[in-house]
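# Notes for the structure review
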Amino acid sequence: MTTSNNTTGTAQSSPSQVTGMDILVRALRMVDIDTMYGLVGIPVTEVAYIAQANGIRFVGFRHEQQAGMAAATHGFLTQTPGILLTVSSLGFMNGLTATANATVNCYPMIQISGSSVREPIDLEQGTYEGLDQLNIAKPLVKAAYRVNKPEDIPTAVVRAYRAAISGRPGGVYLDITTPCLGAIMDAADANKLFYTPVDLCPAMPPSPESVKRAAQLLASAKKPAFILGKGAAYARVEDKIKELVSKTGIPYLPMSMGKGVMPDNGPLSAVSCRSTIMSDADVVVLVGARLNWLLSRGRGKWSPDTKFIQFDIAAEEIDVNRPIAAPVVGDLASSLDAFIAALPDKMNIDPEWVPKLQAETKAKNEKFKQRLVSNASAQPMNHWSALNAIKPVMAANPDVILVNEGANTLDDTRVCIDMTLPRHRIDCATWAIMGMGMGSCIGAAVATGKSVVAIEGDSAFGFSGMDFSTICRFNLPVTVVIFNNGGIYNGIGVNMAGTSDPAPTTLDVRARYDKIGDAFGAKTYYVTKPAELTQALTEAIASKAPALIDVQLAADSGKESGHIGYLNPAALEHIVV
Ligand code: ADP
Ligand code: MG
């Protein structure tokens, strides 16, 4: 083990003494952590230096929330916990936003934060960055531990790792006090603390009875459908789902980040038939998808007669919003293997069901194409003309990972850009939050080495825009496309007071976001016409270097709250409760 006991991070070999920070880094290496995202300062600066000296890539950010979004995305894309390193008090809290979001989205990550000396915090005596971080984190994460002694660090790291990836993945908080980080131990004693943990993410096969029950129900179905969620993307079961779909001939509907587990444009894709599945399907199979608000919680347009088979690793997810006829609780890889083996050779599907969905898909696609074509030359551009310009470029680069946030920019991009590969779409996900953009781009590019394109609303970009500089500092192959319609939702809000202040939703439709890219040395573009956008995006992706494209839209393009305006209190009567 090498260590550094100075702030310049110079590595020394075989020291006789080590600090808590050395032990932390070595414990992370023992579980094969190779990347850490974060933002340094007292008391964790040297942790990052030591990490770099010991083969862990440290990606330093401008805001902890974005470092956390990167760690979460890293976790989702690699099935190993992303690591976030934060300083005490506000740095910790900024990062916690992302760790909480990771927990809600089932992304595995570990936030490691330095914290100040305990005694004056507990007695509320007023100390440097004094905050009871562990108790603040606890209700927001899957697990939270504090480490007070360097001897406990290796155990704490392994426990945090197991908690992050076992069962339903989530965010874990590891609080390490300043005295613990700085504590000195004899290297020989410290060496005895390390061990290689056995079976860090054990398979969790379902019960044979649950598999049999589910297989019987599906075999009896006349109008079945699969719903593929981001749990299926995370679990890397695309080959098994492909086998299941081809064996049964049952159509599939992807959730937003489940897109690409099976191709959106495949013959059995029912991506445009959501309402028909809700009202007409007799058996629906949820594969790593929750029956939460994104599926109207199983109410609203859903037929009360639809029976559900639910594959999930979390037993507590079953029966959450309506009774599940056949729960299969286990990890998806084991569950799908058992399920495929248990299915009969012949299904019992109504011969009109699949052709009906296919005809609906064809008609909807045609209508959609017409909408794009009729907007193609709109001047100034709107969301549809911009997406019409982007669509062929993304189709020509299917292995590019798409990051997407905004309101209209999110909703319109999701329906316009087909995905053909799993884990290639990262978006605002379960909470539908804004402010995941730059961090997710960085996590995706660093974790996979692939090129990334972010399609961002101007408001959404504002939450994380400064971390575009991180994309540039690390020279990542990321193109950020900003749809500037000058506002939250759009740029035509009216100030009700009639003063010169802007309306609450108004930003700046004349802002030149490309100049932010110039400041950090990216290749930049300002485009006002669809053909310019197509060319800029093609060139930017091919460059495999940081690029920023400012797309000038009309201020009146887009509507309030995008597709979820019904959730506004003013429209409360429409909310399904
Ligand atoms: P979506 O928003 O795409 O519907 P959700 O995040 O709501 O997806 O649901 C994903 C579900 O997948 C969660 O309930 C989670 O417990 C489950 N899940 C995650 N990983 C696995 C896995 N390896 N095996 C089985 N289920 C999983
Ligand atoms: Mg906007």
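Here the structure is a predicted model, which is why all the values come from computation and not from measurement.

### A short note on the site of ligand 1
- Contacts to ligand 1 come from 19 residues, most closely from Arg168, Lys230, Arg290, Asp312 and Leu332.
- Arg290 places a side-chain nitrogen or oxygen 2.7 Å from an oxygen atom of ligand 1.
- In this structure, a nitrogen atom belonging to ligand 1 sits 2.9 Å away from a main-chain N or O atom of Leu332.
- Considering ligand 1 on its own, with 580 Å² of exposed area, one finds that the protein chains cover 96% of that surface.
- In terms of residue count, the dominant contributor to the shell around ligand 1 is helix 11 (residues 230-234) (three residues).
- Split by residue class, the shell around ligand 1 holds eight nonpolar, five polar and six charged.

### Things to note about a nonpolar patch on the surface
- On the surface, Ile564, Tyr566 and Leu567 cluster together to form a nonpolar patch covering roughly 220 Å² of accessible area.
- As for its placement among the helices and strands, Tyr566 is situated in the segment after strand 21 (547-552).

### Structural notes on the coordination of the magnesium ion (ligand 2)
- Protein ligation of the magnesium ion (ligand 2) involves Asp458 (OD), Asn485 (OD1) and Gly487 (O), the donor distances falling in the range 2.0 to 2.2 Å.
- You can call Asp458 buried: its relative accessible area is 3%.
- Classification of Gly487 by relative accessible area gives buried; the value is 2%.

### Considerations on helix 14 (residues 332-342)
- When we look at burial in helix 14, the residues that qualify are Leu332, Ser334, Ser335, Leu336, Phe339 and Ile340.
- The elements touched by buried residues of helix 14 are helix 10 (208-220), helix 11, helix 12 (238-248), strand 13 (283-287), strand 14 (307-312) and strand 15 (326-329).
- Its side-chain oxygen 3.2 Å from the backbone nitrogen of Ala333, Asp331 forms the N-cap of helix 14.

### What about the packing of aromatic side chains?
- Tallying each qualifying case throughout the model produces eight aromatic pairs.
- With a centroid separation of 5.1 Å and 55° between ring planes, the pair formed by Phe92 and Tyr173 is classed as tilted. In this pair, Phe92 is assigned in helix 4 (residues 90-105) and Tyr173 in strand 9 (residues 171-177), connecting sequence segments 81 residues apart.
- You can call Tyr173 buried: its relative accessible area is 0%.
- Between the aromatic rings of Phe311 and Phe339, the centroid separation amounts to 4.9 Å while the plane-to-plane angle is 75°, which identifies the pairing as edge-to-face. Taken as a pair, Phe311 in strand 14 and Phe339 in helix 14 lie far apart in primary sequence, 28 residues in all. With respect to burial, Phe311 and Phe339 carry one shared label: buried.
- The side chain of Arg371 reaches across the aromatic face of Trp384, ending 4.3 Å from its centre.
- Note that Arg512 overlies the ring of Tyr526, its terminal NZ or CZ placed 3.9 Å from the centroid.

### Digging into the sheet that holds strand 7 (residues 109-115)
- Ordered by their spatial adjacency, six strands build an open sheet running 5-4-6-7-9-8, and the pairing between neighbours is parallel. Looking at strand neighbours, the two that pair on one side only are strand 5 (57-60) and strand 8 (143-147), the edges of this open sheet. When the angles between neighbouring strand axes are averaged without regard to direction, this sheet yields 20°.
- Bridge count between strand 6 (residues 82-86) and strand 7: five bridges; the pairing is parallel. When the bridges of strand 7 are listed, Ile83 appears paired with Ile110.

### Section: the environment of Asn105
- Checked against the element boundaries, Asn105 lands in helix 4.
- Residues Asn105 and Gly298, 193 residues apart in the sequence, show an inter-C-alpha distance of 19 Å.
- Apart from residues lying up to four places away in sequence, Asn105 is in contact with Lys230, Arg290, Ala429 and Thr430.
- Separated by 2.9 Å, the side chain of Asn105 and the backbone oxygen of Asn101 make a polar contact.
- At a separation of 2.8 Å, a polar atom in the side chain of Asn105 contacts the side chain of Thr430.

### Observations concerning the pairing of strand 8
- Bridge analysis of strand 8 against strand 9 gives five bridges, and the strand direction is parallel. Bridged to Ala144 within strand 9 is Tyr173.
- The handedness of the strand 8 to strand 9 crossover, carried by helix 7 (residues 153-165), is right-handed.

### Side note on the sheet that holds strand 20 (residues 523-527)
- Strand order across the open sheet formed by six strands is 17-16-18-19-21-20, with parallel pairing between neighbours. Since the sheet does not close on itself, it has two edges, and those belong to strand 17 (425-427) and strand 20, each with one partner. Within the sheet, the average angular offset between the axes of one strand and its neighbour, ignoring direction, is 15°.
- Summarising the sheet, strand 20 and strand 21 pair through five bridges and their orientation is parallel.

### Brief notes about the confidence of the model for the chain
- Per-residue confidence for the chain gives a mean pLDDT of 95; residues scoring 70 or more make up 97%.
- Taken element by element, the chain is modelled with least confidence in strand 1 (residues 2-3), mean pLDDT 39, and with most confidence in strand 6, mean pLDDT 99.
- Here residues 1-12 is modelled with pLDDT under 50, and outside its nearest four sequence neighbours on either side it reaches 35 contacts, counting other chains as well.

Criteria and thresholds
- Residues numbered from 1 in each chain as written.
- Chains lettered and ligands numbered in written order.
- Predicted model: local features only at pLDDT ≥ 70, side-chain atom pairs only at ≥ 80, totals over all residues.
- Heavy atoms only, no water.
- Near = heavy atom within 4 Å.
- Polar contact = N/O pair within 3.5 Å; in protein donor to acceptor, adjacent residues only side chain to side chain.
- Areas by Shrake-Rupley, 256 points an atom, 1.4 Å probe, with all protein chains shown as cover.
- Helix = DSSP H or I, 4+ residues; strand = E, 2+ residues; numbered from the N terminus.
- Nonpolar A, V, L, I, M, F, W, Y, C, P; charged D, E, K, R; others polar.
- Patch = residues over 30% accessible without salt bridge, like charges linked within 9 Å, V, L, I, M, F, W, Y side chains within 5 Å.
- Salt bridge = Lys/Arg side-chain N within 4 Å of Asp/Glu carboxyl O.
- Donors = N, O, S within 2.8 Å, 3.2 Å for Na, K, Ca; no water.
- Buried < 20%, exposed > 50% of the residue type's maximum accessible area, 1.4 Å probe, protein only.
- Contact = heavy atoms within 4.5 Å.
- Phe/Tyr/Trp six-rings, centres within 6.5 Å; stacked < 30°, edge-to-face > 60°.
- Lys NZ or Arg CZ within 6 Å of the ring centre and 35° of its normal.
- Pairing = 2+ DSSP bridges.
- Axes fitted to C-alpha atoms, helices over the stretch in contact; angles between N-to-C directions.
- Right-handed = clockwise from strand over helix to strand, strands pointing away.
- pLDDT = per-residue confidence, 0-100.

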